[in-house]
Amino acid sequence: MKWGQPLSLTLLVFSTATRSLSTSVQLHAQGKIQTKSKKTLAKPGVKNIVLVEGVRTPFLLSGTTYADLMPHDLARAALQGLLHKTSLPKDAVDYIIYGTVIQEVKTSNVAREASLGAGFSDKIPSHTVTMACISSNVAMTTGTGVRKMRKTMLALNRAKTLGQRLSLIGSIRMAHLTPELPAVAEFSTAETMGHSADRLAAAFGVTRLEQDEFALRSHTLAKQAQDAGLLSDVISFKVPGRDTVAKDNGIRPSSMEQLAKLKPAFIKPHGTVTAANSSFLTDGASAVLIMSEEKALAMGYKPKAYLRDFVFVSQDPKDQLLLGPAYGTPKVLARAGLTMDDIDVFEFHEAFAGQIMANLKALDSDWFAQTYMGRKVKVGAPAMEKFNLWGGSLSLGHPFGATGCRLVTTVAHRLLKEGGQYGLVAACAAGGQGHAMVIEAYPQ
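Residues numbered from 1 in each chain as written. Predicted model: local features only at pLDDT ≥ 70, side-chain atom pairs only at ≥ 80, totals over all residues. Heavy atoms only, no water.

- Going by what an unreviewed UniProt entry lists, the protein is known as Trifunctional enzyme subunit beta, mitochondrial and is assigned to Oncorhynchus tshawytscha.
- The Pathway (unreviewed entry) field of the UniProt record for the protein holds the comment "Lipid metabolism; fatty acid beta-oxidation." (UniProt positions renumbered as here; feature names shortened; annotations may be inferred.)

1. What about unusual backbone geometry?
For residues besides glycine, phi is generally negative; the peptide bonds are generally trans as well.
Alright, step 1. Here the residue pair lysine 268 and proline 269 is connected by a cis peptide bond, since its omega of 5° sits within 30 degrees of zero.
Alright, step 2. Tracing the backbone shows proline 269 in the loop between helix 8 (256-260) and strand 8 (282-292).
Alright, step 3. Backbone geometry places serine 87, a non-glycine residue, at a positive phi of 55°.
Alright, step 4. If you trace the backbone, serine 87 turns up in the loop between helix 1 (71-86) and strand 4 (95-99).
Alright, step 5. You can call serine 87 exposed: its relative accessible area is 59%.
Alright, step 6. Within the chain, alanine 132 stands out as a residue other than glycine whose phi angle is a positive 55°.
Alright, step 7. Within the fold, alanine 132 resides in the loop between strand 5 (126-129) and helix 3 (135-141).
Alright, step 8. Alanine 132 sits in the buried class, given a relative accessible area of 16%. (Helix = DSSP H or I, 4+ residues; strand = E, 2+ residues; numbered from the N terminus. Buried < 20%, exposed > 50% of the residue type's maximum accessible area, 1.4 Å probe, protein only.)

2. Quick word on the confidence of the model for the protein
Alright, step 1. Here the protein averages 87 in pLDDT, while 85% of its residues score no lower than 70.
Alright, step 2. Scored below 50 in pLDDT, residues 1-30 shows 140 contacts in the model against residues more than four places distant or in partner chains. (pLDDT = per-residue confidence, 0-100. Contact = heavy atoms within 4.5 Å.)

3. Considering the state of the cysteines
Alright, step 1. As enumerated under the stated definition, the model contains 0 disulfides in all.
Alright, step 2. Free of any disulfide, cysteine 133 has its nearest neighbouring cysteine sulfur in cysteine 428, separated by 6.2 Å.
Alright, step 3. Judged by relative accessible area, which is 8%, cysteine 133 ranks as buried.
Alright, step 4. Overall, cysteine 428 belongs to the buried group, its relative accessible area being 1%. (Disulfide = S-S within 2.5 Å.)

4. Topic: the packing of aromatic side chains
Geometrically, a pair of aromatic rings is defined through the distance of the ring centres and the angle of the planes.
Alright, step 1. Counted according to the given criterion, the structure contains 11 aromatic pairs.
Alright, step 2. Considering the side-chain rings of tyrosine 306 and tyrosine 442, the 5.0 Å spacing of their centres and the 40° angle between planes classify their relative orientation as tilted. Here tyrosine 442 lies in the segment after strand 12 (433-441) and tyrosine 306 lies in strand 9 (residues 305-314), a separation of 136 residues in the sequence. Here tyrosine 306 matches tyrosine 442 in class, with each residue buried. (Phe/Tyr/Trp six-rings, centres within 6.5 Å; stacked < 30°, edge-to-face > 60°.)

5. Examining the pattern of salt bridges
Alright, step 1. Taken as a whole and judged by the stated rule, the model has 16 salt bridges.
Alright, step 2. Arginine 56 serves as the salt-bridge partner of aspartate 233, at 3.0 Å between the closest nitrogen and oxygen.
Alright, step 3. The class of aspartate 233 is buried, set by a relative accessible area of 4%.
Alright, step 4. Using a relative accessible area of 1% as the deciding quantity, one classes arginine 56 as buried.
Alright, step 5. Between arginine 308 and glutamate 440 there is a salt bridge whose closest N-O contact spans 2.9 Å. Here glutamate 440 lies in strand 12 and arginine 308 lies in strand 9, a separation of 132 residues in the sequence. Summarising the burial analysis for this pair, arginine 308 and glutamate 440 share the class buried.
Alright, step 6. In the salt-bridge network here, residues are joined through shared partners; they are Arg56, Asp233 and Asp248. (Salt bridge = Lys/Arg side-chain N within 4 Å of Asp/Glu carboxyl O.)

Right, dumping it as structure tokens:
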């Protein structure tokens, strides 16, 4: 899809928040990259949509400092951080959209509650979207379970006679009052994502060593980026009743020797996916400010990047659950008229190290391209000197509904830092879905 006329003069805040209930490393220089002069992806007659700013709360291990907060609390903090960073007039916003995962019952429309709590006008419409790990991607481009007790209470409300009501009340059992916890398993297959990642890694011949090496790479690069002050999208957040948090707390560089000691987490005893080469359950929120280019310039903003073409994809949720990037990347490149060599910055969501390596191998496979993509040849794998150079979900964390905004903001910041022109975001999601987007640097 393309960004088109409906957004021509509209100022939008697309925001996300969620709480999830859930050997040597090759390092590369962080300096400027040399890029050839490339065409712009601007389309005649189509308004340019730009990223003005992106922020996020620190991503924390689930159950730590954010343990007593609800999703809208984190979302409110992200929105307030965005307001502070941009000096955005609250009445200038036309619409607020949030992405969230594992919705809870008290605030079914997180966007509305977060916007009101952040001080936005009650005249600004807000709505919430969900699409698993790419919910914020959906928000940028546009749940509670049913319990037996709820069924009984609804039936009780419809009962017309005293006898019917007493009969229904008499049918209530303790089991009806037992909370139904959010499932980490896929609804359609009853398989956990980690189990699927282990099978996927095996199918593509990804070894335990490759996974541990990639995980160590992610944590090492994240620590370097954090120490160098490159994670400038992170805002400080005074947690009510607790301390102020200012940085992610899941970044933990280790060693190949330590990683090798961990046992398989899902397929035992011969699996290759462990706690260390998987993304951890994370709490956090993010927010981005996007608008038409002409509106941004009229308000005195210097945009960070153009948001260009994007695609959403779906595939077999059983055997290809986590292959969203492998399906989305060729399609968005074709839509934008680009090749892998044109891309200067890659940011892929790291659900599992095995998932990342499997996607890279799929992208570099003629057989996969011909069998599943209807293509004659592969598009090729991203060059690792361009890939996730500031860490990724394995190290920074992965609040399910907030990662998409982090990916987009990181691409924009890396393009500015490294002097590149095009960036590509890709992510997988539950249900066998995925997303990919091309981002273009704003002229400096």
